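Here is how the chains run, residue by residue.
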Amino acid sequence: MPDERVLDVSCGTGTLAVLLKLACPRADVVGLDADEAVLRHAVAKAARAGVQVAWCRGMADALPFGPGTFDKAVSSLFFHHLPPPTKRAVFARIHDLLVPGGLFLVDWGRPSGPFMRALFYTVQLLDGFESTADHARGRLPDLMREAGLVDIVETFHWETPFGARPNRRTVLDHAVAMSAGNTA
Ligand SMILES: C[S@@+](CC[C@H](N)C(=O)[O-])C[C@H]1O[C@@H](n2cnc3c(N)ncnc32)[C@H](O)[C@@H]1O
């Protein structure tokens, strides 16, 4: 990932973006979030870690970047908050802002089996059934394809008390390890 430009979509307090920058000091890492207050925490977190990340306030469905601005985009614990039309809009914007052959890594997949499906109801109760239905049905890859993203693969499956997803560390490891050339 050296020298690559990487966007953390809805970065929250910046944990993943800071880890990315620590892992790849030469990469240009941008963290975007809608919430100014959480971005203040992100600024402090990066300062404590001694790294420079560009923080940007904005909406994920109106990402303020031109086509082909980034080699990679990552996102964790975000998409299950969005209603289906907004998910589609964000995937389309991510497709636009990645270079051809760029890589997109995202978490929260389909619960694996009835037990994990039952646990995922906890997330649905907390975060709403409309925004989480596509995750429960495993429809995220279809929505991504509809937005123009291609070669979608599930690279890691991690069982949590709230359903199956890769954790931030796994997203980080894949972002560092996988070269742009796949869009997933
Ligand atoms: C559960 S947090 C996850 C934060 C971070 N990615 C992480 O893994 O800790 C969800 C984040 O999405 C942000 N958010 C919600 N809706 C958004 C939108 N439409 N555009 C950009 N950020 C949004 C919130 O401000 C919040 O920081």
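Residues numbered from 1 in each chain as written. Predicted model: local features only at pLDDT ≥ 70, side-chain atom pairs only at ≥ 80, totals over all residues.

(A) Summary view of the site of the ligand. Surrounding the ligand, one finds 17 residues, the nearest of these being S10, G12, A34, D35 and A60. The class makeup of the residues in the shell around the ligand is eight nonpolar, five polar and four charged. (Near = placed C-beta within 6 Å. Nonpolar A, V, L, I, M, F, W, Y, C, P; charged D, E, K, R; others polar.)

(B) Inspection of the confidence of the model for the protein chain at higher detail. Taken as a whole, the protein chain shows an average pLDDT of 86; of its residues, 83% reach a score of 70 or greater. Note on residues 179-184: pLDDT under 50 across the span, and 24 contacts to partners over four residues away in sequence or across chains. (pLDDT = per-residue confidence, 0-100. Contact = placed C-beta atoms within 7 Å.)

(C) Examining helix α2 (residues 36-49) more closely. Over its 14 residues, α2 extends 20 Å from the first C-alpha to the last, a length consistent with the 20 Å expected when each residue adds 1.5 Å. All of the buried residues in α2 are L39, A42 and A46. Relative to the axis of α2, the buried residues are bounded by an arc of 50° and lie together on one face. In α2, the exposed positions angled more than 90 degrees off the buried face are occupied by A37, R40, A44, A47 and R48. (Helix = DSSP H or I, 4+ residues; strand = E, 2+ residues; numbered from the N terminus. Expected span 1.5 Å × (residues − 1). Buried ≥ 20, exposed ≤ 12 C-beta atoms within 10 Å, placed from the backbone. Arc of directions from axis to C-beta.)

(D) Here's a closer look at the packing of helix α4 (residues 114-127) against helix α5 (residues 129-136). Contact pair α4 / α5: the axes reach a minimum separation of 8 Å and the direction vectors enclose 150°. As summarised for this structure, α4 and α5 are arranged roughly antiparallel, according to the angle between their axes. Where α4 crosses over α5, the handedness of that crossing is right-handed. Residues R117, F120, V123, Q124 and D127 of α4 form the contact with α5, whose participating residues are F129, S131, T132 and A136. Here the contact of α4 with α5 is built from residues that sort into four nonpolar, three polar and two charged. (Axes fitted to C-alpha atoms, helices over the stretch in contact; angles between N-to-C directions. Parallel < 35°, antiparallel > 145°, perpendicular 65-115°, else oblique. Left-handed = near helix turned anticlockwise from the far one by under 90°.)

(E) Broad picture of the packing of helix α1 (residues 15-23) against α2. Orientation of α1 relative to α2, taken along the N-to-C sense of each, is 25°, at an axis distance of 9 Å. Relative to α2, the element α1 is oriented roughly parallel. Here α1 runs over α2; the crossing is right-handed. Contact residues: α1 offers T15, V18 and L22, while α2 offers K45, A46 and A49.

(F) Spatial organisation of the nonpolar core. Judged by nonpolar contacts, the single largest core of 37 residues is most densely connected at V9, A17, A73, I94 and F104. Counting only elements with at least two residues in this core, the list comes to β1 (5-9), α1, β2 (28-33), α2, β4 (70-75), α3 (84-97), β5 (98-106) and α6 (140-146). When residues no more than four places from it in sequence are discounted, the contact partners of V9 are L32, A60, A73, S75, F78 and I94. (Core = buried A, V, L, I, M, F, W, Y, C linked by C-beta atoms within 7 Å.)

(G) How the structure looks around the environment of E4. Mapping E4 onto the fold places it in the segment before β1. Along the backbone, E4 and F70 are 66 residues apart, and their C-alpha atoms lie at a distance of 7.6 Å.

(H) Fine view of α5. Listing the buried residues of α5 in full gives T132, D134, H135 and A136. Of the surrounding secondary structure, the elements contacted by the buried residues of α5 are α3, α4 and α6. Trailing α5 by a residue or two, G138 shows a phi angle of about 70°, which is positive.

(I) Highlighting the sheet that holds strand β3 (residues 54-57). Pairing within the open sheet is parallel, and its five strands lie in the order β3-β2-β1-β4-β5. The sheet terminates laterally at β3 and β5, the two strands that pair on one side only. Each neighbouring strand pair of the sheet contributes to a mean axis angle of 20°, computed without reference to strand direction. By the bridge criterion, five bridges tie β1 to β2 in an arrangement that is parallel. Along β2, the bridge assignment pairs V6 with V29. (Pairing = 2+ DSSP bridges.)

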